[in-house]
Amino acid sequence: MAAFVTESWATATAVSSWTAKRLLANTLDLHHRLPLTWAAVDALELEAWRGCKIAEDTHNLSAEAAEWIDTELARLGRYGIPTIEKTIRSAIAKFHPDKLDNDPSPVPGKDQWDVTIDHNAGAGNGTSRLDAMGARRPRCPGRTSGTSPSTTTRVQATARHGSMRWVTRWTWRSSTT
C-alpha cells in the first residue's frame, strides 16, 4: 500500500484518518487473512460490520489462528456475536495460551453490583433514574483494549415514559479503583 494513501482516502470519503486506517486495515485483513469471511461479506451473506469485528478481533493473532477462526466460522455458518467471541476465545486458547486471562477470581455477578432506582428523580412526572455500580472484567481475553479487571463502571439511565414510547438516556462513567 502506498504511503499516505489513508489520508487521501479519508479526505475523499470525509472520514478521519484514524477511521480510514482502521477500515483499510480491516479490509486487508479480511481479504488476505480471512478469505472465507471476506467471501461471505462480498456475497452480502454477512454484514460488513461483523466482518470488520472479526478482522479487528483477530488482528493481533497469528496467521494460523486467523485461518482457523475463518475456517471454523465458515463451517458453522453462523456469525452471531456470541459465536464469533467463542470461536476467537477458542483460537486464543489453542494458538496463544499465553494471551489468556489467568486471573483465578470469578467473574463478577449481579450480587456484586449496587443497583438503585429512584422514581422521583428526573425531569418530570413519569421519569425514573436507575443507578448501577460495580466491577466488570474485559470481555475478550488477550485484547489490549477494553476494561481492566480493577475498573468500576457506573451506569446511569434516566427513562421517561411518554404517550407511546420510552425515551432513554445512558451515561457511562468508568473509574479505576
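Residues numbered from 1 in each chain as written. Predicted model: local features only at pLDDT ≥ 70, side-chain atom pairs only at ≥ 80, totals over all residues. Heavy atoms only, no water.

Overview of the packing of helix α1 (residues 5-13) against helix α2 (residues 17-32)
Convention followed: Every angle, taken between N-to-C directions, lies between 0 and 180 degrees, and every axis is a line fitted to C-alpha atoms, over only the stretch in contact when it is a helix. Per the convention used, a helix needs a DSSP run of H or I reaching at least four residues, while a strand needs a run of E reaching at least two, with both numbered from the N terminus. For classification, angles of less than 35 degrees are called roughly parallel, those exceeding 145 degrees roughly antiparallel, those between 65 and 115 degrees roughly perpendicular, and all remaining angles oblique. Note on convention: the crossing is left-handed when the near helix lies turned anticlockwise from the far helix by less than a right angle, right-handed when the turn is clockwise. Whether two residues are in contact is decided by their heavy atoms: any pair within 4.5 Å suffices. Nonpolar residues are Ala, Val, Leu, Ile, Met, Phe, Trp, Tyr, Cys and Pro. Charged residues are Asp, Glu, Lys and Arg, and all others, Gly as well, are polar.
Where α1 meets α2, the closest approach of the two axes is 8 Å, and the angle between their N-to-C directions is 110°. As judged from the angle between their axes, α1 and α2 are roughly perpendicular. α2 is crossed by α1, and the crossing has right-handed handedness. Residues Thr6, Glu7, Trp9 and Ala10 of α1 pack against Ser17, Ala20, Lys21, Leu23 and Leu24 of α2. Each residue belonging to the contact of α1 with α2 can be placed in one class, and the counts come to five nonpolar, two polar and two charged.

Some details on helix α4 (residues 48-58)
Counted only if it meets this: Only protein chains enter the calculation, and the probe is 1.4 Å; a residue is then buried if its accessible area is under 20% of its type maximum, exposed if over 50%, and partly exposed in between.
The element α4 is largely enclosed, with a buried count of eight among its eleven residues. Those residues of α4 that sit buried are Arg50, Gly51, Cys52, Lys53, Ile54, Ala55, Asp57 and Thr58. As for α4, its buried residues are in contact with α2, α3 (35-42), α5 (63-76) and α6 (81-95).

Description of the environment of Thr19
Topologically, Thr19 is positioned in helix α2. Judged by its relative accessible area of 27%, Thr19 is partly exposed. Taking the C-alpha atoms as reference points, Thr19 and Thr6, separated by 13 residues in sequence, lie 9.0 Å from one another.

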